[in-house]
Amino acid sequence: MLGGRVCAFLKAARCARLALGWNQWQARYICRGTSAFTSPMHYLDGERIEPTNTDAGGHFPILEPATGHKLCIVQESSVQDVHTAVVSAKSAFASWSTAPGAERAQILYKTAQIMRENIEAIAVAEVHDTGKPLWEAKFDVEGCVDTIEYCAGLARMIAGQHIDLGRGNFGYTRREPLGVVGAIGAWNYPFQMAVWKSAPAICCGNTVVYKPSPLTPITTAIMGEVYTEAGLPNGVFNVIQGSGAVGQYLATHPDVAKVTFTGSVPTGTKVMAACAQGIKYVLLELGGKSPLVIFADCQLDNAVKGTMLANFLTQGQVCSNGTRVYVERPIYETFVDKLVERVRAMKLGDPMSEDTTMGAIISGEQADRIMSFIESAKEEGATIATGGERVIPDPALAGGHYITPCVLTDVNDDMRVAREEIFGPVVCVFPFDTESEVIERANDTEYGLAGGVFTRDLTRAHRIAAKLQAGSVYINNYNVYPSELPFGGYKKSGIGRENGILNIDAFTQVKSVYMEMGDVDSPI
Ligand code: NDP
């Protein structure tokens, strides 16, 4: 039973710094401190499989962000592997698409139950993969359980409409699944992305081929095992692995009906172009540079806490982060002092430690990129109020990538750090004077993923929520994702929505059926 196996993995993961013996399930993963390990991370027809790609150059090491240790080696999927996965999904579609909603719901509820029993084990694997703190990974997995349960509920709500056309004639619409969904994820929330993309597709009767980021391949394969254990028919959820080229094969495969993609704007552009060629549905969740507006009448401590949530979860590598914080001038100095105090109190360190509040940046390359933004801010005249240094918090973490959380002040709106997505623990704080000024500045970006406002004035809060050009707006909080609320971007932050009842629109197509009750009236 998977529950037992996952728990065994958790036990192993907890004492990972010791040399461990591995049983079959455990051996698919490797914890820090152990040598390189190869394990099949590909999931096809209900089981882990070795890919057919035996090209010596076609594998990539998975490095643990926290330590730089090699966790495992993953073989990249070949074109043939991608094709096989799509064929498997296509063949599973025939029966899954006609399964009763109640049956799909039951399987998804069971999936949620198995996940709930294994939250800690899955979270530990996610921490190895991503470097995010354990408490946060657990919170993410708990959220995934909720999403799966929400989708289980949706499975029984998929319905068309009856339309009375007069003289006894009528029409009705059917909501039909699309077919094989190709899903491509980024590295910051690998498990959550696998859930957010697969559960709605599956609840609507589609089948899925999922490609995680090559930086974080581990928990997606676990997702496959959980689904299978819950009774999902073989082939409904498959996992391929590899780089952008593998994603490209998937997006261009003629039997893929829709691509749901999370990643950067440049890659999203390529995915959309690939989908345009095949006239495929496409959902894009892309980057952001979101504003958070804080008025002088706000509850200040809540605004500071909201700013922390808006900037420092997952080491700041969050698409919806409110990285441009506009503070009304009368409280600007006090706000910055309080924010800096709170940021300095964060504990940067081993993400497996329960008291760590900020873990490791995903890779050395990403850490370099973040540091280049901080350097450019300094050169352009910004002030570092705190943080922004590359550090090794503990000699045992020497190979990891750590940056102290950074607050920048004296930033002007044209600086690179104020305009481009950094995707790291860096927040810019700006003063503002009037509501109209701040709205204009907040919307002066090519992105439109999220935004927030802190104020006690409810009229103003809703006025601002209406004026912010963003897919999600938070009033007196930030970065909260209930499964009921759709999530997605305006402008270059994306197309389409994940979550909410809109999931049904996103993963079904409408067929209109006309019913003639009388004779055919033909003028020809
Ligand atoms: P990328 O766009 O670099 O990559 C995303 C995924 O696409 C990866 O699996 C990548 O593989 C793959 N890929 C690359 N090229 C292609 C291609 N031509 N066709 C198909 N797939 C391809 O993003 P990151 O992984 O670096 O993630 C960071 C970005 O994701 C940030 O901009 C962030 O804002 C955004 N993001 C958006 C979210 C949202 O919900 N709006 C949530 C989380 C992140 P490879 O790594 O090999 O290139």
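Residues numbered from 1 in each chain as written. Predicted model: local features only at pLDDT ≥ 70, side-chain atom pairs only at ≥ 80, totals over all residues. Heavy atoms only, no water.

Bringing the side chain of Ser472 into the picture now. Along the chain, the position of Ser472 falls in strand β21 (residues 472-475). Accessibility expressed as a relative area gives 10% for Ser472, which makes it buried. (Helix = DSSP H or I, 4+ residues; strand = E, 2+ residues; numbered from the N terminus. Buried < 20%, exposed > 50% of the residue type's maximum accessible area, 1.4 Å probe, protein only.)

Here the focus is the packing of helix α6 (residues 190-203) against helix α7 (residues 218-230). Across the interface, α6 lies against α7 with an axial gap of 9 Å and an inter-helix angle of 40°. Taken together, the axes of α6 and α7 lie oblique to each other. Between α6 and α7 lies a crossing whose hand is right-handed. Of the residues in α7, those touching α6 at Pro190, Phe191, Ala194, Val195, Ser198, Ala199 and Ile202 are Thr219, Thr220, Met223 and Tyr227. A breakdown of the residues in the contact of α6 with α7 according to their chemical character gives 8 nonpolar, 3 polar and no charged. (Axes fitted to C-alpha atoms, helices over the stretch in contact; angles between N-to-C directions. Parallel < 35°, antiparallel > 145°, perpendicular 65-115°, else oblique. Left-handed = near helix turned anticlockwise from the far one by under 90°. Contact = heavy atoms within 4.5 Å. Nonpolar A, V, L, I, M, F, W, Y, C, P; charged D, E, K, R; others polar.)

Among the surface-exposed residues, Ile163, Leu165 and Tyr514 lie close enough to one another that they form a single nonpolar patch of about 280 Å² accessible area. Looking at the secondary structure, you find Leu165 in strand β5 (residues 162-166). Take Leu165: its relative accessible area is 45%, and that puts it in the partly exposed class. (Patch = residues over 30% accessible without salt bridge, like charges linked within 9 Å, V, L, I, M, F, W, Y side chains within 5 Å. Areas by Shrake-Rupley, 256 points an atom, 1.4 Å probe, with all protein chains shown as cover. Salt bridge = Lys/Arg side-chain N within 4 Å of Asp/Glu carboxyl O.)

So, about the sheet that holds strand β6 (residues 169-177). Strand pairs in the sheet, formed through backbone hydrogen bonds, run parallel or antiparallel to each other. Strand order in the open sheet made by the 3 strands is β5-β6-β24, with antiparallel pairing throughout. Taken across any chain shown, the strands that pair with only one partner, and hence form the sheet edges, are β5 and β24 (508-515). Ignoring strand direction, the axes of neighbouring strands in this sheet form an average angle of 25°. (Pairing = 2+ DSSP bridges.)

Our focus in this paragraph is the UniProt feature "active site" (unreviewed entry) in the protein chain. What UniProt calls "active site" (unreviewed entry) maps, in this numbering, to Glu285. For Glu285, the position within the fold is in strand β11 (residues 281-285). (UniProt positions renumbered as here; feature names shortened; annotations may be inferred.)

What follows concerns the state of the cysteines. Going through the model one piece at a time under the given rule, you end up with 0 disulfides. Cys151 forms no disulfide, and the closest cysteine sulfur to it belongs to Cys203, at a distance of 4.8 Å. With a relative accessible area of 0%, Cys151 lands in the buried category. Here Cys203 stays unpaired: no disulfide links it, and the sulfur of Cys204, its closest cysteine neighbor, is 3.9 Å away. For Cys203, a relative accessible area of 0% puts it in the buried group. (Disulfide = S-S within 2.5 Å.)

Turn by turn, an α-helix covers 3.6 residues, leaving residues three or four places apart pointing in a common direction. The end-to-end C-alpha distance of helix α11 (residues 329-344) is 23 Å, a good match for the 22 Å that 16 residues give at a rise of 1.5 Å each. Among the residues of α11, Ile331, Tyr332, Phe335, Val336, Leu339, Val340 and Val343 are the ones counted as buried. In this structure, the buried side of α11 is in contact with β12 (291-294), α10 (300-309), β13 (324-328), β14 (383-386), β17 (406-409) and β18 (426-432). (Expected span 1.5 Å × (residues − 1).)

Only one face of strand β3 (residues 59-63) is covered, namely the one carrying Phe60 and Ile62; the face carrying His59, Pro61 and Leu63 has none of its residues buried. Here β3 pairs with strand β4 (residues 70-75) via 5 bridges, running antiparallel. When the bridges of β4 are listed, Pro61 appears paired with Ile73. Count of turn residues in the β3/β4 antiparallel hairpin: 6 residues, of which Gly68 carries a positive phi of about 80°.

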